[in-house]
Amino acid sequence: NSELFTLTYGALVTQLCKDYENDDDVNKQLDKMGYNIGVRLIEDFLARSNVGRCHDFRETADVIAKIAFKMYLGITPSITNWSPGGDEFSLILENNPLVDFVELPDNHSTLIYSNLLCGVLRGALEMVQMAVDVKFVQDTLKGDSVTEIRMKFIRRIEDNLPAGEE
């Protein structure tokens, strides 16, 4: 039930805000928690989706938006703002289910409430040998018209096999 998840996530963020002194620390914790989820979630995703290895970052973007977000959050973000080099794009979430029923208090203006998503994406992609930078650049909780997650391909991670094993 997505409503239960949304409310549980809200309770988690509320507790983190009580446990940490500032929003930056909460943002880091949300990213770290998301990363750990992403590292584990990728196996479930690959098993359930039957998606093969992506050949380029554009294909990766399509799989993330059209399959992964749909599968786990019930939404399909649009993919926009590709960089000329094809190594950076934005995911536009018309509605972010994590922020249903949420209003940021004035004293948490720098909180990136849904930062868990950035960590999930980073962790999952790292497990399929892609180092990426993921960050929020727009957020409806902060008055923007949409929520925008910016993803940048950094490098392909090479398998580090012990010497002599190929």
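Residues numbered from 1 in each chain as written. Predicted model: local features only at pLDDT ≥ 70, side-chain atom pairs only at ≥ 80, totals over all residues. Heavy atoms only, no water.

Per an unreviewed UniProt entry, the protein carries the name Trafficking protein particle complex subunit 3 and comes from Pachyramphus minor. For the protein, the Function (unreviewed entry) comment in UniProt is given as "May play a role in vesicular transport from endoplasmic reticulum to Golgi." For the record of the protein, the UniProt heading Sequence similarities (unreviewed entry) holds the text "Belongs to the TRAPP small subunits family. BET3 subfamily." (UniProt positions renumbered as here; feature names shortened; annotations may be inferred.)

Trainee: Describe the overall build of the protein, listing the residues and the values that go with them.
Mentor: Secondary structure assignment for the protein yields four helices and four strands. Helices and strands appear in the protein in the N-to-C order α-α-α-β-β-α-β-β. Against the 2.2 N^0.38 benchmark of 15 Å for 166 residues, the protein shows a C-alpha radius of gyration of 16 Å, consistent with a compact globule. Projected onto its principal axes, the C-alpha coordinates of the protein cover approximately 55 × 35 × 30 Å. Buried positions account for 44% of the 166 residues belonging to the protein. Considering only contacts within the protein whose residues lie at least 6 apart along the sequence, 58% involve residues at least 24 apart. Roughly 9,700 Å² of accessible area belongs to the protein as shown, and the carbon and sulfur atoms make up 50% of that amount. Computed over 16 positive and 27 negative side-chain charges, the separation of the two mean positions in the protein equals 3 Å. (Helix = DSSP H or I, 4+ residues; strand = E, 2+ residues; numbered from the N terminus. Rg over C-alpha atoms; globule rule 2.2 N^0.38 Å. Buried < 20%, exposed > 50% of the residue type's maximum accessible area, 1.4 Å probe, protein only. Contact = heavy atoms within 4.5 Å. Areas by Shrake-Rupley, 256 points an atom, 1.4 Å probe, with all protein chains shown as cover. Lys, Arg positive; Asp, Glu negative; His and termini not counted. Charge placed at Lys NZ, Arg CZ, Asp CG, Glu CD.)

Trainee: For the pattern of salt bridges, give the residues involved together with the corresponding values.
Mentor: Under the counting rule described, the total for this entry stands at six salt bridges. Across the pair Asp31 and Arg122 runs a salt bridge whose closest N-O atoms are separated by 2.5 Å. Of the two residues, Asp31 sits in helix H2 (residues 23-49) while Arg122 sits in helix H4 (residues 116-127), which places them 91 residues apart along the sequence. Taking relative accessible area as the criterion, Arg122 reaches 23% and is therefore assigned partly exposed. A salt bridge links Lys152 to Glu88; the shortest N-O distance between them is 3.7 Å. (Salt bridge = Lys/Arg side-chain N within 4 Å of Asp/Glu carboxyl O.)

Trainee: Give a detailed account of unusual backbone geometry, specifying residues and quantitative values.
Mentor: Even without a glycine there, the phi angle at Phe101 is positive, about 70 degrees. Assignment of secondary structure puts Phe101 in the loop between strand S2 (88-93) and H4. If you check the backbone angles, Gln129 has positive phi at about 65 degrees while not being a glycine.

Trainee: If you had to explain H2 to someone new, which residues and values would you point to?
Mentor: A maximum bend of about 35 degrees is found in H2 at Leu41. One or two steps after H2, the chain reaches Asn50, where phi turns positive at roughly 55 degrees. (Bend = angle between axes of the 7 residues up to and from the residue.)

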